[in-house]
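Chain by chain, the residues run as shown.
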Amino acid sequence: MSTSTARRGASRLPPGVASHPRVAEPRRRARSRDWIGYAYVLPPLALFAFVILVPVGYGAWISLFDWNGVSVGTWVGLRNYAAAFDDPLVRQALIHSLVLVLFYSAIPVGIGLILTGIIARHRLRGIAVWRVLLFLPQVLSMVVVGVSWGWLLQQDGPVNELLRALGLGSWSRVWLGDFTWALPTEGAIGTWMMSGLCMVLFLAGAQSIDTELYDAANVDGAGVVREFFTVTVPGLRNVIVVASVLTFAVSLNNFSLVWVTTQGGPGTQTQVASTVIYSRAFIESALGDASALAMMLGVIMMAVSFGLTRLSRPS
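A short tour of the structure in this document, coming up. Source: prediction; values computed, not measured. (Residues numbered from 1 in each chain as written. Predicted model: local features only at pLDDT ≥ 70, side-chain atom pairs only at ≥ 80, totals over all residues. Heavy atoms only, no water.)

With that settled, the discussion passes to the packing of helix α6 (residues 127–139) against helix α9 (residues 182–206). Direction vectors running N to C along α6 and α9 enclose 120°, while the axes themselves pass 7 Å from each other. Judged by the inter-axis angle, α6 sits oblique to α9. For the pair α6 and α9, the crossing hand works out as left-handed. For the pair α6 and α9, the contacting residues are R131, L134, F135, P137 and Q138 in the first and W192, M193, M194, G196, L197, M199, V200 and L203 in the second. (Axes fitted to C-alpha atoms, helices over the stretch in contact; angles between N-to-C directions. Helix = DSSP H or I, 4+ residues; strand = E, 2+ residues; numbered from the N terminus. Parallel < 35°, antiparallel > 145°, perpendicular 65-115°, else oblique. Left-handed = near helix turned anticlockwise from the far one by under 90°. Contact = heavy atoms within 4.5 Å.)

All right, on to a nonpolar patch on the surface then. Taken together, the side chains of L47, F48, F50, V51, I52, L53 and V56 present a nonpolar region at the surface, about 690 Å² in accessible area. Tracing the chain through its elements places V51 in helix α3 (residues 21–62). (Patch = residues over 30% accessible without salt bridge, like charges linked within 9 Å, V, L, I, M, F, W, Y side chains within 5 Å. Areas by Shrake-Rupley, 256 points an atom, 1.4 Å probe, with all protein chains shown as cover. Salt bridge = Lys/Arg side-chain N within 4 Å of Asp/Glu carboxyl O.)

Ranked by internal contacts, the top residues of the largest apolar core, which has 20 residues, are Y81, L252, V276, I277, L293 and L297. When contributions to this core are tallied by element, the ones reaching two or more residues are α4 (79–86), α5 (88–121), α12 (237–252), α14 (273–283) and α15 (287–311). Ranked by residue count, the leading element in this core is α15, at seven residues. Ignoring any residue separated from it by four or fewer positions in sequence, one finds Y81 in contact with S63, L64, A292, M295 and M296. Membership of the second largest hydrophobic core comes to 16 residues, among which are Y104, V145, L176 and M194. (Core = buried A, V, L, I, M, F, W, Y, C linked by side-chain atoms within 4.5 Å. Buried < 20%, exposed > 50% of the residue type's maximum accessible area, 1.4 Å probe, protein only.)

Before going further, it helps to examine empty space enclosed by the protein. Under the criterion given, the structure shown has one cavity of 30 Å³ or more. Quantified by volume, the largest cavity comes out at close to 70 Å³. In terms of lining, the largest cavity is formed by V90, A93, L94, A273, V276, I277, L293, M296 and L297. Broken down by secondary-structure element, the contributors of at least two residues to the lining of the largest cavity are α5, α14 and α15. Of the residues contributing to the lining of the largest cavity, the split by class is nine nonpolar, no polar and no charged. (1 Å grid on protein atoms, 1.4 Å probe; cavity = no way out; pocket = protein on both sides within 12 Å on 5 of 7 lines; lining within 4 Å. Points joined across faces, edges and corners; volume = space filled by probe spheres on them. Nonpolar A, V, L, I, M, F, W, Y, C, P; charged D, E, K, R; others polar.)

Our focus in this paragraph is the layout of surface pockets. Of the voids in this model, the largest pocket is the one considered here, and its volume is about 460 Å³. Along the wall of the largest pocket there are 17 residues; nearest its centre are G59, A290, S291, A294 and M295. Among the secondary structure elements, those contributing two or more residues to the lining of the largest pocket are α3, α14 and α15. Tallying contributions element by element places α15 first for the lining of the largest pocket, with eight residues.

Since there are 3.6 residues in each turn of an α-helix, residues three or four apart along the chain are aligned in direction. Within the sequence span of α4, burial applies to N80, Y81 and A84. One side of α4 carries all its buried residues, which in axial view fall inside an arc of 100°. In α4, those exposed residues whose orientation departs by more than 90 degrees from the buried face are R79, F85 and D86. (Arc of directions from axis to C-beta.)

In structure tokens, the structure reads:
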């Protein structure tokens, strides 16, 4: 008897037979297993809702008011969002954030791929030490990193002293206080921080690449560069997307490093979206404006992350 015939026969069973203990018992067991699964999932869902969804919803509600955090707020609707688009400081901060995406995401991903291509295919002496040194910035706090680099890049700091010792004294400057070089310097610190993370992710992903693919590439006469682009990079496609999403989120959400080193200065040359949000909320007491900016930044991050995640799916 076929499966479809059996199902039709089962559907014609009288109600008394369908509710027989031997028939109903498996159904009760299945429902019990479902409820046990829900019981395991419910606590983390409740925590996620309490920690993430509720604050996001409250922030979206506040963004519709003109509120200083103390007095009664005034309903303004979407006026805070329109004002954000017309604010030149906000536009400048968003441009600076996009510039930092290059330093925090694009360049570290490229450096991580190159380091992975070298380390994964060649045995280098002391490679464990290099891995630890490259990943060390991820272990340190952003505040520690900011204070350390602020000291290194002072006018009489070690970086400028080294330049003078090498006869390059004309290159010395207050790097984080220079109107031209402050933002690229912040970006260079970000590149130093994120390259090690990308390298570790790519090295972990490279272990899952079939070594026979490299052997086949060698048989076809592929050199080191061609092997890298035809085997390593395609094999790390999903990991590249993960690294891009992580580094992109850090670059747009970067606050601690910028605030500790420059507080958005000199002038407004290193103002980014997160520092503008902080200033509007806790210095200017414009919580409605700050919440609107935060909502806009969150939408941008989710949209870009969703787009990058789509790249990991097979076409």
